[in-house]
Amino acid sequence: MAQEELSEAVAARAREYGVPGAAVGVLLDGREAYASHGVTNPAAPRPVDARTLFHVASVSKTFTATALARLAAEGRVDLDAPVRRHVPELRLADERAAERITVRNLLNHTAGLDWNLVDDGTGDRSLAGFVARLPRLGTVAPPGTRSSYSQAGYNLAGRVVEKVTGLPFERAMAALVLEPVGLPDTVYGLAEVMVRPFAVGHHRGEDGALRPARPWGAFPEGARGDNPGGGLASSASDLLRWARFHLGDGEGVLPAPALRRMRERTVGLRASSLGDGVGLGWYLRPLDRADGSGVVRGAGHGGAGNGQSAELLLVPEHGFAVVALANASPGGHPFTRSVVRWALRHHLGVTERTPEPVPYDERRARQVVGRYETDALCLDVATDGTRLTLAVDLRPEVREASDGGMPPGHPAAAIGFLPGDGDEYLVVEGGLEGERGAFCRDGEGAVTGIDLGGRLFPRAAAAR
């Protein structure tokens with residue numbers, strides 16, 4: 001691997017997307033290459049390097065899933081047993097769903113749970129406290145019927161880890177995964193982050209100025225109930241070590257067949273930029289060989305923190321992995337995706353599929369305009385008669401109840417329908433550029449929801 005080419009590619013993309021600090025690692029043929037750009041914080045600059053910690057947010061889910069895969073391999077957890085076998089106190093607003101949800105449903109996002117419970121900084125913020133509040137969380141589908149991304153599901157999976165091991169989640173993760181794999185800079189909580197070099201997240205405002213993101217992670221400090229789904233901080237070097245582990249034989253932590261099964265498809269995805277299926281903790285992606293000779297399979301996961309972005313992708317057939325980390329929003333997301341695409345094309349000669357939208361269709365646009373909501377987010381689809389747009393933000397009541405530290409939303413950006421039945425779409429500009437999704441309909445053809453980022457947003461209201 002040419003170190004100079006990697007460094008130039010990273011620097012060019014960081015400048016293009018306005019990212020003040022980034023770290024990238026590539027694994028190919030057993031060799032590692034790293035490239036860093038910029039600083040941890042322009043206000044108190046320190047150079048970013050391969051050991052600089054970033055909040056990796058939902059990449060944390062690959063660690064939680066691996067811990068449960070190990071417990072299953074040891075016979076301590078049955079992935080297909082109801083969660084209540086291990087967490088008998090589980091209650092939901094839908095009692096039938098609470099009875100039926102399995103551990104596997106949590107790990108492949110088929111539990112039917114809404115996205116998450118927003119941490120308001122009060123009450124019992126442990127995993128036990130989180131589970132006690134789950135009756136407030138709605139459901140978006142019956143268990144096992146479809147995949148819809150749920151932070152809450154992974155937090156509940158973390159409570160399973162606690163109950164089975166008898167340890168606090170963070171200590172259990174250290175014993176089951178982090179220490180055996182050898183990841184000294186992959187940690188939970190600010191107390192551990194602050195004694196290591198770390199990147200500060202930033203948001204770029206409408207005036208173009210970068211401002212530090214507060215809180216440091218996606219959730220306020222002390223929100224231990226969100227650690228299983230998104231609490232880890234890590235570095236490019238540790239994440240490439242994590243990739244080596246998952247491309248290897250399990251190193252005595254997990255039997256090789258069980259490790260490989262984590263990358264086997266358990267449920268399909270439709271029109272998602274995450275991929276075409278879900279394994280256990282991994283999203284599975286088809287990658288096209290540039291010479292047209294076929295498809296190779298990737299397995300990856302991304303993460304979006306407060307002003308930080310992370311992307312990790314494995315291509316097992318080639319023993320390849322790439323990790324990209326950035327400390328800015330909204331530029332961090334397109335930066336990490338662009339770096340991953342460059343690494344795939346440059347090193348493997350493969351590309352991610354990029355369909356072309358069809359021309360604007362007023363009739364189809366009018367069918368889908370309106371508001372779509374989860375417990376924490378609202379998504380608005382609108383048309384001005386010439387183009388269709390999508391905007392994403394926190395629900396007003398969530399933002400109003402915050403202390404001002406919540407990240408900004410994504411303003412209205414153009415989307416286009418993709419060829420086919422007319423329900424699939426692509427975001428063509430803005431911080432979510434390249435995201436794919438689909439509108440959902442009921443048996444009579446009425447639009448009932450929209451998928452974005454693997455998550456179902458039920459329709460709240462149609463435009464009048």
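Up top is the structure these notes are about.
Cut-offs and rules
Residues numbered from 1 in each chain as written. Predicted model: local features only at pLDDT ≥ 70, side-chain atom pairs only at ≥ 80, totals over all residues. Heavy atoms only, no water. Helix = DSSP H or I, 4+ residues; strand = E, 2+ residues; numbered from the N terminus. Rg over C-alpha atoms; globule rule 2.2 N^0.38 Å. Buried < 20%, exposed > 50% of the residue type's maximum accessible area, 1.4 Å probe, protein only. Polar contact = N/O pair within 3.5 Å; in protein donor to acceptor, adjacent residues only side chain to side chain. Expected span 1.5 Å × (residues − 1). Salt bridge = Lys/Arg side-chain N within 4 Å of Asp/Glu carboxyl O. Pairing = 2+ DSSP bridges. Contact = heavy atoms within 4.5 Å. Phe/Tyr/Trp six-rings, centres within 6.5 Å; stacked < 30°, edge-to-face > 60°. Lys NZ or Arg CZ within 6 Å of the ring centre and 35° of its normal. Axes fitted to C-alpha atoms, helices over the stretch in contact; angles between N-to-C directions. Parallel < 35°, antiparallel > 145°, perpendicular 65-115°, else oblique. Nonpolar A, V, L, I, M, F, W, Y, C, P; charged D, E, K, R; others polar.

**Considering the overall build of the protein chain**
In step 1: What the protein chain contains, in helices and strands, is 14 helices and 22 strands.
In step 2: Taken against the 2.2 N^0.38 rule, which gives 23 Å for 464 residues, the C-alpha radius of gyration of the protein chain at 21 Å falls within 12% of a compact globule.
In step 3: By its C-alpha atoms, the protein chain is 55 × 55 × 50 Å across when sized along the principal axes.
In step 4: Counting only residues that meet the buried cut, the protein chain has 57% of its 464 residues in that class.

**Let's talk about the side chain of S148**
In step 1: Mapped onto the elements of the fold, S148 is located in the loop between α5 (127-132) and α6 (151-165).
In step 2: From its side chain, S148 meets the backbone nitrogen of L456 in a polar contact 2.9 Å long.

**Overview of helix α10 (residues 236-247)**
In step 1: Along its 12 residues, α10 runs 16 Å from first to last C-alpha, staying within 8% of the 16 Å computed at 1.5 Å per residue.
In step 2: Of all 12 residues in α10, 9 are buried, a share of seventy percent or more.
In step 3: Among the residues of α10, those classed as buried are A236, S237, D238, L239, L240, W242, A243, F245 and H246.

**Examining the pattern of salt bridges**
In step 1: Scanning the entire structure with this criterion turns up 30 salt bridges.
In step 2: Salt-bridge contacts for R51 lead to D185; the nearest nitrogen and oxygen are separated by 2.6 Å. Here R51, found in the loop between β2 (31-38) and β3 (54-55), pairs with D185, found in the loop between α7 (169-181) and β4 (187-188); they are 134 residues apart in sequence, far enough to count as distant.
In step 3: Owing to a relative accessible area of 49%, R51 belongs among the partly exposed residues under this scheme.
In step 4: Residue classification places D185 among the buried positions, given a relative accessible area of 6%.
In step 5: It is possible to trace a salt-bridge network through shared partners that takes in E89, R159, E162, K163, E170 and R224.

**Topic: the sheet that holds β3**
In step 1: In spatial order, the strands read β3-β7-β4; together these 3 strands make up an open sheet with antiparallel pairing. A strand with exactly one partner marks an edge of an open sheet, and here the two such strands are β3 and β4.

**Details of unusual backbone geometry**
In step 1: In the segment running from R214 into P215, the intervening peptide bond is cis, with an omega of 0 degrees.
In step 2: Turning to its location among the elements, P215 is positioned in the loop between β6 (210-212) and α9 (227-230).
In step 3: In the segment running from S329 into P330, the intervening peptide bond is cis, with an omega of 10 degrees.
In step 4: Along the chain, the position of P330 falls in the loop between β13 (320-326) and α12 (332-348).
In step 5: Even without being a glycine, D29 presents a positive backbone phi close to 55 degrees.

**Brief notes about the side chain of H55**
In step 1: Checked against the element boundaries, H55 lands in strand β3.
In step 2: Judged by relative accessible area, H55 falls into the buried class, the value being 3%.
In step 3: There is a polar contact of 2.7 Å between the side chain of H55 and the backbone oxygen of G230.
In step 4: Residues contacting H55, with those up to four places away along its chain left out, are W216, G217, A218, G230, G231, L232, A233, G305, N306 and Q308.

**Let's talk about the packing of aromatic side chains**
In step 1: Per the stated rule, a full pass over the model turns up 8 aromatic pairs.
In step 2: Between the aromatic rings of Y149 and Y283, the centroid separation amounts to 6.3 Å while the plane-to-plane angle is 25 degrees, which identifies the pairing as stacked. Linking Y149 in the loop between α5 and α6 with Y283 in strand β10 (residues 283-289), this pair joins segments that are 134 residues apart in sequence.
In step 3: Between F198 and W216, the aromatic rings sit 6.2 Å apart at their centres with planes inclined by 85 degrees, giving edge-to-face as the arrangement. In this pair, F198 sits in the loop between α8 (190-193) and β5 (202-204) while W216 sits in the loop between β6 and α9, placing the two residues 18 residues apart along the sequence.
In step 4: Residue F198 is classed as partly exposed on the basis of its relative accessible area of 22%.
In step 5: A residue is classified by how much of its surface remains accessible, and W216, at 14% relative accessible area, is buried.
In step 6: Each member of the aromatic cluster is reached from another via a ring pair, and the members are Y372, F417, Y425 and F439.
In step 7: Here the guanidinium or amino end of K61 rests over the ring plane of Y154, the centre of that ring lying 5.9 Å away.
In step 8: In this arrangement the basic side chain of R364 is found over the ring face of F417, its NZ or CZ atom lying 4.7 Å from the centre.

**Things to note about the packing of α6 against α7**
In step 1: In contact at an axis separation of 9 Å, α6 and α7 are set at 75 degrees when each is read in the N-to-C sense. Taken together, the axes of α6 and α7 lie roughly perpendicular to each other. On α7, the residues touching G158, V161, E162 and T165 of α6 are F169, A172 and L176.
In step 2: Class assignment of the residues belonging to the contact of α6 with α7 gives a composition of 4 nonpolar, 2 polar and 1 charged.

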